[in-house]
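# Structure at a glance
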Amino acid sequence: MLDKRYSPKDVEQGKYETWKEKGYFTAGDKSKNPFSMVIPPPNVTGKLHLGHAWNTTIQDIIARYKKMQGYDVLWLPGMDHAGIATQAKVMAKLVSMGIDVTKISREEFLKYAWAWKHEYAENIHNQWAKMGLMLDYSRERFTLDEGLNLAVRKVFVDLYNKGLIYQGERIISWDPVQQTALSNIEVIHQDDEGYMYYFKYHVVDSDDYLEVATTRPETMFGDTCVCVNPNDERYLKYHHCKVINPANGEIIPIIPDEYVDIAFGTGAMKCTPAHDPNDFNIGKKYGLEMPTIFNKDASMNEKCGKYVGMDRFECREALLKDIESRGDFIKKEKIIHAVGHSQRNNCVVEPMLSKQWFVKMKPLAEEAIKNQQGKDRVNFIPQRFENTFLQWMNNIEDWCISRQLWWGHRIPAYYHKVTGEVVVSENPPKDIENYVQDNDVLDTWFSSGLWPFSTLGWPEKTEDLERYFPTSCLVTAYDIIFFWVSRMIFQSLNITDRKPFSDVVIHGLVRDELGRKMSKSLGNGVDPIDVIDKYGVDALRYFLTTNSTPGQDMRYIEEKVASGANYLNKIWNSARYVLSVVPEGFKEVKLSKDNLSVLDKWLLTRLNLTIKNVTANMEKYDFNAASSHLYNFVYDDFCSQYLEMSKVKLYGDDASKNVTVTVLLKALKSIILLIYPYTPFIAEELYLNLPNHLESVMLESYPKVEKEFIFKDGLEEIELLFDMIRDVRNYKITNQLAPNAKLGLTISLKIKVSNDFATLLNRFTFSEFEVKDDLSTLSGDLFTYNYGSMIISSGVSKEEARDKLEKEIAFEKSEIKRSEGMLNNPNFLAKAPKEKVETEKAKLKLHQDNLKELEEKLKKI
RNA sequence: GGACACUUAGUUCAGCGGGAGAACGCUUCCUUCACACGGAAGAGGUCACAAGUUCGAUCCUUGUAGUGUCCACCA
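Here goes a summary of the coordinates provided. (Residues numbered from 1 in each chain as written. Chains lettered and ligands numbered in written order. Predicted model: local features only at pLDDT ≥ 70, side-chain atom pairs only at ≥ 80, totals over all residues. Heavy atoms only, no water.)

## Section: the overall build of chain A
Stated precisely, the cut-off is as follows: A run of H or I in DSSP counts as a helix once it spans at least four residues, and a run of E counts as a strand once it spans at least two, with each numbered from the N terminus. For the radius of gyration, the atom set is restricted to C-alpha positions; the globular benchmark scales as 2.2 Å times the number of residues to the power 0.38. Note on exposure labels: buried denotes an accessible area under 20% of the residue type's maximum, exposed denotes more than 50%, and partly exposed covers the range between, all computed with a 1.4 Å probe on protein chains only. Whether two residues are in contact is decided by their heavy atoms: any pair within 4.5 Å suffices. A 1.4 Å probe and the Shrake-Rupley method give the accessible areas. Residues count as covered only by the protein chains that appear here. Residues scored as charged are limited to Lys and Arg (positive) and Asp and Glu (negative), so that His and the chain ends carry no count. For this purpose, a charge sits on NZ of Lys, CZ of Arg, CG of Asp or CD of Glu.
Tallying secondary structure elements over chain A gives 27 helices and 29 strands in all. At 37 Å, chain A has a C-alpha radius of gyration far larger than the 29 Å of a compact globule built from 861 residues. Its C-alpha atoms give chain A principal-axis dimensions of roughly 115 × 65 × 55 Å. Put simply, chain A has 861 residues, and 53% of those count as buried. For chain A, restricting intrachain contacts to residue pairs at least 6 apart in sequence, the fraction spanning at least 24 positions comes to 76%. Surface summary for chain A: the accessible area is close to 39,700 Å², and the carbon and sulfur share equals 49%. Of the side-chain charges in chain A, 110 are positive and 123 negative, and the distance between the mean point of each set is 4 Å.

## Quick notes on the sheet that holds strand β26 (residues 744–749)
Applied cut-off: Two strands make a pair as long as DSSP finds a minimum of two bridges between them. Fitting a line to C-alpha atoms yields each axis, with helices limited to the stretch in contact; the angle taken between N-to-C directions then spans 0 to 180 degrees.
Sheet architecture is open: four strands sit in the order β27-β26-β29-β28, paired in mixed fashion. Strands at the two margins of the open sheet, each flanked by one partner only, are β27 (769–771) and β28 (781–785). Taken pair by pair, the neighbouring strands of this sheet meet at an average axis angle of 20°, ignoring direction. Relative to strand β29 (residues 788–793), β26 is paired through six bridges, and the arrangement is antiparallel. If you follow Leu749 over to β29, its bridge partner there is Gly788.

## Points about the packing of helix α4 (residues 83–96) against helix α5 (residues 106–131)
We count it as follows: Orientation labels follow simple angle bins: below 35 degrees gives roughly parallel, above 145 gives roughly antiparallel, 65 to 115 gives roughly perpendicular, and whatever is left gives oblique. We call Asp, Glu, Lys and Arg charged. Ala, Val, Leu, Ile, Met, Phe, Trp, Tyr, Cys and Pro are nonpolar, and the rest, Gly among them, are polar.
With their axes 10 Å apart at the nearest point, α4 and α5 run at an angle of 105° to one another. With respect to each other, α4 and α5 are oriented roughly perpendicular. Facing α4, whose interface residues are Thr86, Gln87, Lys89, Val90, Met91, Lys93 and Leu94, α5 presents Phe109, Tyr112, Ala113, Trp116 and Glu119. Looking at the contact of α4 with α5 residue by residue, the class counts come to seven nonpolar, two polar and three charged.

## Some remarks on helix α14 (residues 481–496)
Worth spelling out the cut-off: What is called the bend at a residue is the angle between a pair of axes, fitted to the seven residues leading up to and ending at it and to the seven starting from it.
Of all the bends in α14, the greatest measures close to 25° and is centred on Arg487. In terms of burial, α14 is a largely internal element, 15 of the 16 residues being buried. Just beyond α14, the residue with positive phi is Asp497, at close to 70°.

## Regarding α4
As a reminder of what qualifies: Each helix should span, by expectation, one fewer than its residue count multiplied by 1.5 Å.
With 14 residues, α4 extends 20 Å between its outermost C-alpha atoms, agreeing within 8% with the 20 Å of an ideal straight helix rising 1.5 Å per residue. Those residues of α4 lying buried are Gly83, Ile84, Ala85, Thr86, Gln87, Val90, Met91 and Leu94. Packed against the buried residues of α4 are α5, β6 (180–182), β17 (402–403) and α11 (444–448). Downstream of α4 by one or two residues, Gly98 has phi in the positive range, about 85°.

## Description of the nonpolar core
Across soluble globular proteins, nonpolar side chains have a tendency to be buried as a group. Rules: Working definition of a nonpolar core: buried Ala, Val, Leu, Ile, Met, Phe, Trp, Tyr and Cys residues. They are joined through side-chain atoms within 4.5 Å.
The biggest cluster of nonpolar side chains holds 139 residues, and the ones touching the most others in it are Ile62, Trp128, Met618, Phe638 and Met790. Once residues within four sequence positions are removed from consideration, Ile62 is found in contact with Phe35, Met37, Cys473, Val475, Tyr621 and Phe623. Core analysis: the next-biggest nonpolar cluster, separate from the first, contains 59 residues, Val155, Met361, Ile369 and Phe469 among them.

## Some details on the sheet that holds strand β20 (residues 435–437)
With antiparallel pairing, the three strands of this open sheet are ordered in space as β19-β18-β20. Only two strands of the sheet have a single neighbouring strand rather than two, namely β19 (422–424) and β20. For this sheet the average axis-to-axis angle between neighbouring strands, irrespective of direction, equals 30°. With three bridges connecting them, strand β18 (residues 413–416) and β19 associate as antiparallel partners. When the sheet's bridge partners are listed, Ala413 is paired in β19 with Val424.

## Structural notes on the pairing of β18
Here β18 shows two buried faces, one formed by Ala413 and Tyr415 and the other by Tyr414 and His416. The turn linking β18 back onto β19 is made up of five residues, and Gly420 within it adopts a positive phi angle of 80°.

## Quick notes on unusual backbone geometry
A cis amide bond links Ile381 with the next residue in sequence, Pro382, at an omega value of -5°. Considering the arrangement of structural elements, one finds Pro382 in the loop between β15 (379–381) and α10 (385–394). A cis amide bond links Phe469 to the next residue, Pro470, at an omega of -5°. Its place among the elements puts Pro470 in the loop between α13 (463–468) and β22 (471–477). Although it is not a glycine, Ala298 sits at a positive phi angle of roughly 65°. When you line up the elements, Ala298 lands in the loop between α7 (277–285) and α8 (312–325). With relative accessibility at 0%, the residue Ala298 sits in the buried group. In this model, Asp497 sits at a positive phi of 70°, which is unusual for a non-glycine residue. Here Asp497 lies in the loop between α14 and β23 (501–507).

## Structural notes on the environment of Asn43
Residue placement: Asn43 occurs in the loop between β1 (34–38) and α3 (50–68). What makes Asn43 partly exposed here is its relative accessible area of 27%. Taking C-alpha positions, Asn43 is 7.9 Å from Thr86, a pair spaced 43 residues apart along the chain.

## Things to note about the packing of helix α17 (residues 558–580) against helix α22 (residues 680–687)
Two numbers describe a pair of packed helices, the interaxial angle and the distance between the axes. Relative orientation of the contacting elements α17 and α22 amounts to 5°, with a least axis distance of 11 Å. When the interaxial angle is binned, α17 and α22 end up roughly parallel. Of α22, the residues touching α17 (which contributes Leu568, Ile571, Trp572 and Ala575) are Ile682, Glu685 and Leu686. A breakdown of the residues in the contact of α17 with α22 according to their chemical character gives six nonpolar, no polar and one charged.

## Points about the protein's contact with RNA strand B
Short version of the rule: Residue proximity to a molecule or strand is established when one non-hydrogen atom of the residue lies within 4 Å of it. Definition of a polar contact: a pair of N or O atoms within 3.5 Å, with one able to donate and the other able to accept a hydrogen when the atoms are protein atoms, and with sequence-neighbouring residues admitted only if both atoms are side-chain atoms.
In the region of RNA strand B, 52 residues are neighbours, and Arg5, Asn278, Glu815, Asn825 and Lys831 sit closest. Within 4 Å of the protein, the contacting atoms of RNA strand B are drawn from sugar and phosphate to the extent of 58%. At a separation of 3.1 Å, a base oxygen of RNA strand B approaches a polar side-chain atom of Lys560. In this structure, His847 approaches RNA strand B through a side-chain N or O atom, which is 3.0 Å from a base oxygen. Elements with a contribution of two residues or more to the surface near RNA strand B: β8 (209–214), α17, α19 (623–645), α20 (647–651), α23 (716–734), α25 (798–823), α26 (826–831) and α27 (834–860). A breakdown of the residues in the surface near RNA strand B according to their chemical character gives 19 nonpolar, 16 polar and 17 charged.

## Observations concerning the side chain of Thr86
With respect to the element layout, Thr86 can be found in helix α4. Setting aside residues no more than four positions away along its own chain, Thr86 makes contact with Val44, Thr45, His81, Trp116 and Trp407.

## Regarding the environment of Gly23
Relative to the assigned elements, Gly23 resides in the loop between α2 (15–22) and β1. Take Gly23: its relative accessible area is 28%, and that puts it in the partly exposed class. Between the C-alpha atoms of Gly23 and Ser138, which are 115 residues apart in sequence, the distance is 9.7 Å.

## What to know about the packing of aromatic side chains
Using the following cut-off: Ring pairs shown here join Phe, Tyr and Trp side chains whose ring centres sit within 6.5 Å, with only the six-membered ring taken for Trp; geometry is labelled stacked below 30 degrees between planes, edge-to-face above 60, and tilted in between.
Under the definition given, this model contains 34 aromatic pairs. Here the aromatic rings of Phe385 and Tyr478 are separated by 6.1 Å at their centres, their planes lie at 10°, and the arrangement is stacked. Pair noted here: Phe385 is in helix α10 and Tyr478 is in the loop between β22 and α14, with a separation of 93 residues, a long-range link. Residue Tyr478 is classed as partly exposed on the basis of its relative accessible area, which comes to 26%. Between Tyr567 and Tyr635, the aromatic rings sit 5.9 Å apart at their centres with planes inclined by 25°, giving stacked as the arrangement. Residue Tyr567 is located in helix α17, and its partner Tyr635 is located in helix α19; the two are separated by 68 residues in the primary sequence.

## Overview of a negative patch on the surface
We apply this condition: In this scheme, patches are assembled from residues that exceed 30% relative accessible area and form no salt bridge. Like charges are connected within 9 Å, while nonpolar side chains (Val, Leu, Ile, Met, Phe, Trp, Tyr) are connected within 5 Å. By salt bridge we mean one thing: a side-chain nitrogen of Lys or Arg within 4 Å of a carboxyl oxygen of Asp or Glu.
A surface patch of like charges, here negative, comprises Glu799, Glu800, Asp803 and Glu806. Mapped onto the elements of the fold, Asp803 is located in helix α25. Judged by relative accessible area, which is 48%, Asp803 ranks as partly exposed.

This is the structure:
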């Protein structure tokens, strides 16, 4: 016997461990068709948040649903080493332990980093278990596993040999805090307040000067020319002149170039080739020197005279003062401009000329774009995110993949100590003593991009790779399309010649109640574990997957979690009731149209339509829509109507009692199986209380639509019955009568009804009733329906009765007017679909009949 | 400067070319044998605005306004 109240803690107790031990999570049943997903590997940097909970629950629903449908489901878990993020955290920890990180060796650091990894992996495992995720732990991977290292090296070498990876001196975004290069998308452009500073660049051998503006005066130490537009009449006479750099007194040329926008600023632009991508192009074009002026921590280097060693922003202020004292400072204007910040630590990044490794993106992007036009395309859900992807691919720049870190895949490039010859190879050169390996590691996303096939054993031709790749589906949030999804697509296409996954399901971000992003600085984050402790993991899972439409963001609202928990309690109690009415030694009856009552037929029809709708939406990954179909069935059809009405059979001495119990059990089992992917714990608990259950709900198959139990005709009396009962109840409330007050009812029927109709109407109105063909001679409140009408005789005053009738008459008239308006429109008759016209005609007739009846009635008051 | 979303009940959100839906909240009533974490019955919306397409627009198109997000090297 189930407890009176659903207690999540008791229900969840021990189930996950059992499932895991029984091996239900392990893929490999070759008799079935494969269905595979890889988890987006969480970073080993911290706790999982609600976003992870959302992301993994969606995947778990898919996995459990597909498993029930008879697939051999592989959901492969794993974690990401998260280069910069982890290294930063480990370093911070070492500092807090009092360790001098400037003296630490690479090897020592890695030892600490691995210890950190093991600790956080443990946390993540605990949270996965808490969420109830159906992960195949026998295949778990980590991005720094030996197998994955091999894959990374092989891909690097392959791309290098294909000419798709090169080493070059280019302007990259430099993170002076982490002291590493970043890729473009690791830089976040924020609109910051700043100043535009105007300086005098004196023309050599002249009293003239050019007015030159900049937002970063400290970079003036790297200026190698001033550019003007060749068509700018203001500067024509200076084309072959030189100017004096007010920062360091150096003499630099004026170079006319079309790049300069005449209309912008003063039309004269200072050019700093080593610290600005556009200036770099100009510098290359004219063969200019490209002096770098910053140290790795963005302090000023020896090129900056007396400012050497000074922080870049301090230098800016000091330099300004000095130039001003020389009279070469003109003015500054407050401006809002986009400034690049590091995604990881929010510091202002510095564009710097630097030798790094790059992936040549054009050919890879073209391949990916082309693939989206073919039949082997990756299916984005919702589809609009394909645009996001394609737009990025179409405008992509080369990808800087080297990072000046220790935690990551070390670049497999070796430099000859004497000749400087570069060897790029999966394994070190034989005479390694003559070589030194590149110190840098690869961008974290380089290895993540290989995740769907590297985790399955690539480059080995493993059975898993053969069977599960390409994967069926990938689930991720839209903020990671560029970082990860697109990189998996182009890497996979280039390296394996196959797409990485067939479907990519994109969801949104979790926000707080006010719609703000959850963040540490706002302190508005919600720990999934706290929610689970309060409401249970099933309620959290249900909330996360039923409160947004695909691709949309979602607000975390605690009341909604509570409301989900109430729903589960409702299911729990309906199950408790159904199980309580199953007699000792009960045997299911074989159901057929001959032994079912009209009410049974109605319920089974509703059930099958529900299964149909739920399944259709599950297939579309629309879990919100799917669940709401089930929700309506549970509350309205099953609990409010059938469950209550079937008591007439169960508490009476009806011969059809076993049919009713069979129907109840059938509906209950279907509900349990349909809700199971969302809320596996409560589903398992209830399932194991059903008669004739298997060892676990995890071994069950998904409910199928049974067409023979969808009845198209003969259910009108149920509709009529519900309408009449509702009106009687409403009548009692508005007339302040007790719910069980006995009323005099007279009804007329346009259809034939079963015996149950009388029983149920009687029981649920607490009233006797009489059937008559003509109600027009009777006094009382008249109610008209599609298939009949009803009079409640009562002590209501004539005025009230007349008011009510007039209201109804007005309603019927407006309906008639609407119908006639449509039907008198020749265009409607000619152009609207036939069925529409027919339904409209039928409606008109119905309302005309109702009107007639009401008017007759009104006359007699 | 581009791109993509969003604007529907008090609030959070669904939905749809042919009579506006849910949850929470609100009102009235009910502890009768699954559930008061409940039941019954209600109130509450010019579906942002404007034009167009259509027999018919909350829905499609275009424009406007507002909100949000992403992309973009303008000194």
